[in-house]
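Here is what each chain is made of, one letter per residue.
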Amino acid sequence: MRLDFYIAHATGLSRREVKVLIGRGEVSVDGDLRPRASLQLHSGQQVRCRGELLSLPGHRYLMLHKPAGMVSSTSDRDGASVLQLLPAELRRDLHIVGRLDVDTTGLLLLSSDGQWSHRITAPKSSCSKVYHVRTARPLTGQMIEQLCNGVVLRGEARPTLPAQVERLDACSLRLTIDEGRYHQIKRMLAAVGNHVEALHRERIGPLPLDPALLAGDYRALTDQEVALF
Ligand code: URA
């Protein structure tokens, strides 16, 4: 890889900024302070910028406890993005692995690895999602049965796949679904004549939200957690 590409990738700086640094003698390759921007690097060569050893970032995998009021988007166009909760050096190239609505809380995964994310979100992966749902009205036996069997969402013809439903109290339930349709949980509850008051994602596939994370907190996934998908 060319030196200027390498530094841009390692630091997030533009190639123009990198060229300025090289021109100022702030970059060294194996101690040489006058490398050319076009230098082809070989593996094992040490590139330093202002004395700091650079390395190419690997993929990043994070879990975030999404608070209410922030959008699951990498831009702030539609409101404050959850990326604002991360330090700038972690944000680069991250995407969101399965969005949550602005008022939904809970487990949100972020990664720079598109193939990994695809394994989670692709419809045929059938990766289950577990939600804690609080409803506006008491849940009847009939509503629970309909949710279990699958319901037809407004504007769609194909019913939802059977869901697992655990009634927790008169107005709350734990709902496990194997699909990811647009506003699926809210539309499922609307389809049975109820309304979602609060929604929280507890788990994606085998990965639960770390209970040590408060709303707004994040942490890197462990290698074992990454390998779950
Ligand atoms: N279903 C919804 O309706 N909203 C979410 O945020 C997630 C699932």
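Below is a short write-up of the structure.

## Quick word on the packing of aromatic side chains
In step 1: According to the stated counting rule, one finds two aromatic pairs in the structure shown.
In step 2: Note on Tyr 61 and Trp 116: the rings are 4.9 Å apart at their centroids and 75 degrees apart in plane angle, and the pair reads as edge-to-face. Note that Tyr 61 is positioned in strand E4 (residues 61-66) and Trp 116 in helix H4 (residues 114-121), a separation of 55 residues in sequence. One exposure class covers both Tyr 61 and Trp 116, and it is buried.
In step 3: Considering the side-chain rings of Trp 116 and Phe 229, the 5.7 Å spacing of their centres and the 90 degrees angle between planes classify their relative orientation as edge-to-face. In this pair, Trp 116 sits in helix H4 while Phe 229 sits in the segment after helix H7 (223-226), placing the two residues 113 residues apart along the sequence.

## Regarding helix H5 (residues 141-149)
In step 1: Of all the residues in H5, the buried ones are Met 143, Ile 144 and Leu 147. All buried residues of H5 lie within an arc of 100 degrees about the axis, which places them on one face of the element. Facing away from the buried side of H5 by more than 90 degrees, the exposed set consists of Gly 141, Gln 142, Glu 145 and Asn 149.
In step 2: Contact partners of the buried residues in H5: strand E8 (164-169), strand E9 (172-177) and helix H6 (184-191).

## Observations concerning the site of the ligand
In step 1: Taken together, Leu 100, Asp 101, Thr 104, Tyr 131, His 183, Gln 184, Ile 185, Lys 186 and Leu 199 make up the full set of residues adjacent to the ligand.
In step 2: Asp 101 is positioned with one of its side-chain polar atoms (N or O) 2.7 Å from a nitrogen atom of the ligand.
In step 3: With respect to the ligand, the side chain of Thr 104 contributes an N or O atom lying 2.9 Å from an oxygen atom.
In step 4: In isolation the ligand offers 230 Å² of accessible surface; the protein chains occlude 95% of this area.
In step 5: Most atoms of the ligand, that is more than half of them, are within 2 Å of grid points of the largest pocket.
In step 6: If you tally residues by element for the shell around the ligand, the top one is H6, at three residues.
In step 7: For the shell around the ligand, a count of residues per class yields four nonpolar, three polar and two charged.
In step 8: The residue makeup of the shell around the ligand includes at least three contributed by each of domain 2 (61-123 + 211-226) and domain 3 (128-204).

Procedures and definitions
- Residues numbered from 1 in each chain as written.
- Predicted model: local features only at pLDDT ≥ 70, side-chain atom pairs only at ≥ 80, totals over all residues.
- Heavy atoms only, no water.
- Phe/Tyr/Trp six-rings, centres within 6.5 Å; stacked < 30°, edge-to-face > 60°.
- Helix = DSSP H or I, 4+ residues; strand = E, 2+ residues; numbered from the N terminus.
- Buried < 20%, exposed > 50% of the residue type's maximum accessible area, 1.4 Å probe, protein only.
- Arc of directions from axis to C-beta.
- Contact = heavy atoms within 4.5 Å.
- Near = heavy atom within 4 Å.
- Polar contact = N/O pair within 3.5 Å; in protein donor to acceptor, adjacent residues only side chain to side chain.
- Areas by Shrake-Rupley, 256 points an atom, 1.4 Å probe, with all protein chains shown as cover.
- 1 Å grid on protein atoms, 1.4 Å probe; cavity = no way out; pocket = protein on both sides within 12 Å on 5 of 7 lines; lining within 4 Å.
- Sits in = over half its atoms within 2 Å of the grid points.
- Nonpolar A, V, L, I, M, F, W, Y, C, P; charged D, E, K, R; others polar.
- Domains from an automatic or database assignment.

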